[in-house]
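Take a look at the letters that make up each chain.
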Amino acid sequence: MVTLPEWNLAQAIGMVAFAIGATAFLHSDGRRFRLHLMLFQIVLCSHFIMMGALVAAFGCGISAIRSYASTKTQSTWVMLFFIAMLWIMGLPQLEYSYELLTIFGSSVATWALFKTQGIQMRLLVMFNSFCWVTNNLLLGSIGGTLMELTFIIVNSLTIVRMYRAERRAAV
């Protein structure tokens, strides 16, 4: 029998993060997208801290700083610093094997934000969302699960919109 997660302040904060994050993928402008992600990740970090999910909290906190940094530089060294931080801060906190998905997915998203643009960036960030939705389901994070599912849907729609715009521009 599946037990539903308890509704509490941590879940409420997760729902606030969901509301903020749900609109991030509507931006087709990469800089605005990254800044919106940063705000979402800060709120989500507090949600995971309150749930006692330290790997996820470290991942979100590092990702928030990473999202901002990626608006200022595309430096490979800065990118590698953030990927290293995800692993150095996350691995010692692992309690469950599925938490590795958050570290791996966030590493892929970090590479995407620093080294790719447009549709390719969105596809790699979507891979990260699939990693996180698995973690959030297993953790029992209502807002986190809804948010990642929404990210996947909205990101898919934005990718289609961007693809169509590219095709129209090529004609």
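Because the structure is predicted, anything quoted here is derived from the model rather than measured. (Residues numbered from 1 in each chain as written. Predicted model: local features only at pLDDT ≥ 70, side-chain atom pairs only at ≥ 80, totals over all residues. Heavy atoms only, no water.)

Asks: Please explain the overall build of the protein chain as it appears in this structure.
Replies: Secondary structure assignment for the protein chain yields 7 helices and 0 strands. For the protein chain, the succession of helices and strands along the chain, N to C, is α-α-α-α-α-α-α. For the protein chain, whose C-alpha radius of gyration is 16 Å, the value lies close to the compact-globule estimate of 16 Å for 171 residues. Taking the principal axes of its C-alpha atoms as reference, the protein chain extends roughly 55 × 35 × 25 Å. (Helix = DSSP H or I, 4+ residues; strand = E, 2+ residues; numbered from the N terminus. Rg over C-alpha atoms; globule rule 2.2 N^0.38 Å.)

Asks: How do you make sense of the nonpolar core when you look at a structure like this?
Replies: Generally speaking, a soluble globular protein has its nonpolar side chains buried in company with each other. Of all hydrophobic cores here, the largest spans 25 residues; its most connected members are Phe 25, Phe 33, Leu 37, Phe 40, Leu 44 and Phe 48. Where this core is concerned, the elements lending two or more residues are helix 1 (9–21), helix 2 (30–51), helix 3 (54–72), helix 5 (100–115), helix 6 (118–139) and helix 7 (142–170). In terms of residues, this core owes the most to one element, helix 2, which gives 7 residues. Formed by 9 residues, the second largest nonpolar core is a distinct cluster that contains Val 55, Ile 62, Ala 69 and Leu 86. (Core = buried A, V, L, I, M, F, W, Y, C linked by side-chain atoms within 4.5 Å. Buried < 20%, exposed > 50% of the residue type's maximum accessible area, 1.4 Å probe, protein only.)

Asks: Any chance you could explain helix 1 here in plain terms?
Replies: Each α-helix winds once per 3.6 residues, and so residues spaced three or four apart point in a common direction. In this model helix 1 runs 18 Å from its N-terminal to its C-terminal C-alpha over 13 residues, within 8% of the 18 Å that 1.5 Å per residue would give. Within helix 1, the full set of buried residues consists of Ala 10, Gln 11, Gly 14, Ala 17, Phe 18, Ile 20 and Gly 21. Turning to helix 1, the residues buried within the fold contact helix 2 and helix 7. At the N-terminal boundary of helix 1, the capping side chain belongs to Asn 8, with an oxygen 3.1 Å from the backbone nitrogen of Ala 10. (Expected span 1.5 Å × (residues − 1). Contact = heavy atoms within 4.5 Å. Polar contact = N/O pair within 3.5 Å; in protein donor to acceptor, adjacent residues only side chain to side chain.)

Asks: Please explain the packing of helix 3 against helix 4 (residues 76–90) as it appears in this structure.
Replies: Between helix 3 and helix 4, whose axes approach to 9 Å, the crossing angle comes to 170 degrees. Taken together, the axis directions place helix 3 and helix 4 in an arrangement best described as roughly antiparallel. For the pair helix 3 and helix 4, contact is made by Val 55, Phe 58, Gly 59, Ile 62, Ser 63, Ile 65, Arg 66 and Ala 69 and by Val 78, Phe 82, Met 85, Leu 86, Met 89 and Gly 90, respectively. Considering only residue class, the contact of helix 3 with helix 4 consists of 10 nonpolar, 3 polar and 1 charged. (Axes fitted to C-alpha atoms, helices over the stretch in contact; angles between N-to-C directions. Parallel < 35°, antiparallel > 145°, perpendicular 65-115°, else oblique. Nonpolar A, V, L, I, M, F, W, Y, C, P; charged D, E, K, R; others polar.)

Asks: What exactly am I supposed to notice about helix 4 here?
Replies: Here helix 4 is 15 residues long and its end C-alpha atoms lie 21 Å apart, about the 21 Å a rise of 1.5 Å per residue gives. Residues of helix 4 that are buried include every one of Met 79, Phe 82, Ile 83, Leu 86 and Gly 90, and no others. One side of helix 4 carries all its buried residues, which in axial view fall inside an arc of 95 degrees. More than 90 degrees from the buried face of helix 4, the exposed residues found are Trp 77 and Ile 88. Where helix 4 is buried, its residues touch helix 3 and helix 5. (Arc of directions from axis to C-beta.)

Asks: I'm lost on the side chain of Arg 34 in this one. Help?
Replies: With respect to the helices and strands, Arg 34 occurs in helix 2. Buried Arg 34, no salt bridge; nearest opposite-charge side chain is Asp 29, N-O distance 7.3 Å. A distance of 3.2 Å separates a polar atom in the side chain of Arg 34 from a polar atom in the side chain of Ser 70. If we ignore the near neighbours within four places in the chain, the residues touching Arg 34 are Ser 67, Ser 70, Thr 71, Gln 74, Leu 113, Thr 116, Gln 117 and Met 121. (Lys, Arg positive; Asp, Glu negative; His and termini not counted. Salt bridge = Lys/Arg side-chain N within 4 Å of Asp/Glu carboxyl O.)

These results come straight from atomic positions and should not be treated as a statement about function.
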